[in-house]
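Commentary on secondary and tertiary structure
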Amino acid sequence: MNPLTEQEIRTAFVNCTKGEAKRLSVPRDLADRPWGDLDFLGWRDPQAPDRAYLVLGSGEGPVGIQLRSSDAGSWQTRRSMCSLCVTVHTGGVSLLVAPRAGKAGQQGNSVGAYMCSDLACSLYVRGKKDAGVGSRLRESLTLEQQIERTVVNVEAFIARVTL
């Protein structure tokens, strides 16, 4: 993924108002992010732990979505799999819900998926971050195919938000 500026990130959001995008907490360590290892930029809001954000770089420019997490108690002790990168965590997967873009979102419609709570899918797939014993299933796919699957899953989730 190509490095993004704070302005590019703020203008990328499709499922919140411009005011909400202007007020959201963008990571301060953008320059230190491992951009070459990221398929998308994902982070939690340190001031509001139930909020998360995901920005995918695409040919038409970055697309960002805001997310809300479910109650922490529902996932802390269960072993679950991320639907984006297929990493298994004990207590590291959350149901993240995104309001749909446009009129559907204004009517309260949303889309959800189980994702790595820290949104570090790219790093788990590449083995740069460890989710513990048994977190990555033995697969016949190459690393490139696993990365492609993760990107396709993120694109599909964003497509469900923007439909």
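Residues numbered from 1 in each chain as written. Predicted model: local features only at pLDDT ≥ 70, side-chain atom pairs only at ≥ 80, totals over all residues. Heavy atoms only, no water.

Structural notes on the pattern of salt bridges
Where we set the bar: What makes a salt bridge here is a side-chain nitrogen of Lys or Arg within 4 Å of a carboxyl oxygen of Asp or Glu, nothing more. Strands here mean DSSP runs of E at least two residues long; helices mean DSSP runs of H or I at least four residues long; both are numbered from the N terminus.
According to the stated counting rule, one finds seven salt bridges in the structure shown. Here E139 makes a salt bridge to R149, at a shortest N to O gap of 2.6 Å. Of this pair, E139 sits in the loop between α4 (121-125) and α5 (143-162) while R149 sits in helix α5, and the two are 10 residues apart along the sequence.

Structural notes on the pairing of strand β6 (residues 93-99)
Condition: DSSP-based pairing: two strands are paired if at least 2 bridges between them are found.
Where strand β3 (residues 63-69) meets β6, two bridges bridge the pair, whose relative direction is antiparallel. Along β6, the bridge assignment pairs S69 with L96. Of the strand pairs in this sheet, β6 and strand β7 (residues 110-116) are connected by seven bridges, and their pairing is antiparallel. Across the sheet, S94 pairs through a bridge with M115, a residue of β7.

Describing unusual backbone geometry
Just so we agree on the cut-off: Only protein chains enter the accessibility calculation, which uses a 1.4 Å probe; a residue is then buried when its area is under 20% of its type maximum, exposed when over 50%, and partly exposed in between.
Positioned with a positive phi, V86 is a non-glycine residue whose angle comes to about 65°. Tracing the chain through its elements places V86 in the loop between β4 (79-81) and β5 (88-90). One non-glycine residue, L119, adopts positive backbone phi at about 55°. Counting through the fold element by element, L119 comes out in the loop between β7 and α4. Judged by relative accessible area, which is 3%, L119 ranks as buried.

Section: the packing of aromatic side chains
As a reminder, the rule being used: Between 30 and 60 degrees the pair is tilted, below 30 it is stacked and above 60 it is edge-to-face, where a pair is any two Phe, Tyr or Trp rings, Trp via its six-membered ring, whose centres lie within 6.5 Å.
Summed over all chains, the structure comprises two aromatic pairs. Considering the side-chain rings of F13 and Y53, the 5.8 Å spacing of their centres and the 90° angle between planes classify their relative orientation as edge-to-face. Of this pair, F13 sits in the loop between α1 (6-12) and α2 (18-23) while Y53 is found in strand β2 (residues 48-56), placing the two residues 40 residues apart along the sequence. Side by side, F13 and Y53 carry an identical accessibility label, which is buried. Between W43 and Y53, the aromatic rings sit 5.2 Å apart at their centres with planes inclined by 35°, giving tilted as the arrangement.

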